[in-house]
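Structure assessment
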Amino acid sequence: QVQLVESGGGSVQAGGSLRLTCAASGYSYSRGCMGWVRQAPGKEREGVATVDGYSKTTYADSVKGRFTISRDNAKNTLYLQMNSLKPEDTAMYYCAADFMYHPGGVLIPRAYYVWGQGTQVTVSS
């Protein structure tokens, strides 16, 4: 029943910004955590940002200080603001949701039960 749909990806030059949006359905009233996970071809999945049901956030070291995750429970929407983008940020970005409460969220990709289809982010040098 839960569905996640990402949008906002695109191509940008290094140093630019993008804002990703994840529209969730069937997730209202949930206190589970949500997050953004990225994967580049031939590389492992990497959890980059996460937020729990009370808006507490956690970031991977690789994006800390550049990315900001937020959620609007009233609109059932998750966001990822990405600033100072680097070529190494190029990847498919997935919105993901878990049904369990983890303080501060969770960065381990295998912890998530529901995934969106992904949105591509390409950063050129």
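Within every chain, residues take consecutive numbers counted from 1 along the sequence as written. Where totals are concerned, whole chains, interfaces and linings use all residues; where local detail is concerned, this predicted model gives features only for residues with pLDDT of at least 70, and gives and counts side-chain atom pairs only at 80 or more. Side-chain numbers come from the whole structure's heavy atoms, not from hydrogens or water.

Looking now at the nonpolar core. We call a set of buried residues a nonpolar core when its members are Ala, Val, Leu, Ile, Met, Phe, Trp, Tyr or Cys and they connect through side-chain atoms within 4.5 Å of each other. Three exposure classes are used, based on accessible area relative to the maximum for each residue type with a 1.4 Å probe and protein chains only: buried under 20%, partly exposed in between, and exposed over 50%. Counting 29 residues, the largest nonpolar core has Leu4, Trp36, Ile69, Leu78, Leu80, Met82 and Tyr93 as its most contacted members. What makes two residues a contact is simply this: any of their non-hydrogen atoms within 4.5 Å. Setting aside residues up to four positions removed in sequence, Tyr93 forms contacts with Glu6, Leu20, Trp36, Val37, Arg38, Phe67, Leu80, Met82, Gly118, Thr119 and Val121. In terms of nonpolar packing, the next biggest core, distinct from the first, is built from 5 residues, Cys33, Val37, Val106 and Tyr112 among them.

For the rest of this paragraph, the subject is the pattern of salt bridges. Note on definitions: salt bridges are taken to be side-chain nitrogens of Lys or Arg within 4 Å of carboxyl oxygens of Asp or Glu. Counted by the stated rule, this structure contains 4 salt bridges. Residue Arg38 pairs with Glu46 through a salt bridge whose shortest N-O separation is 2.9 Å. For Arg38, a relative accessible area of 7% corresponds to the buried category. As a salt-bridge pair, Arg38 and Asp89 come within 2.9 Å of each other at their nearest N and O atoms. With Arg38 in strand S4 (residues 34-39) and Asp89 in the loop between strand S8 (77-82) and strand S9 (91-97), this residue pair connects regions lying 51 residues apart in the sequence. Each member of the salt-bridge network shares a partner with another, and the members are Arg38, Glu46, Arg66 and Asp89. In this text, helices come from DSSP runs of H or I with a minimum length of four residues, and strands from runs of E with a minimum of two, each type numbered from the N-terminal end.

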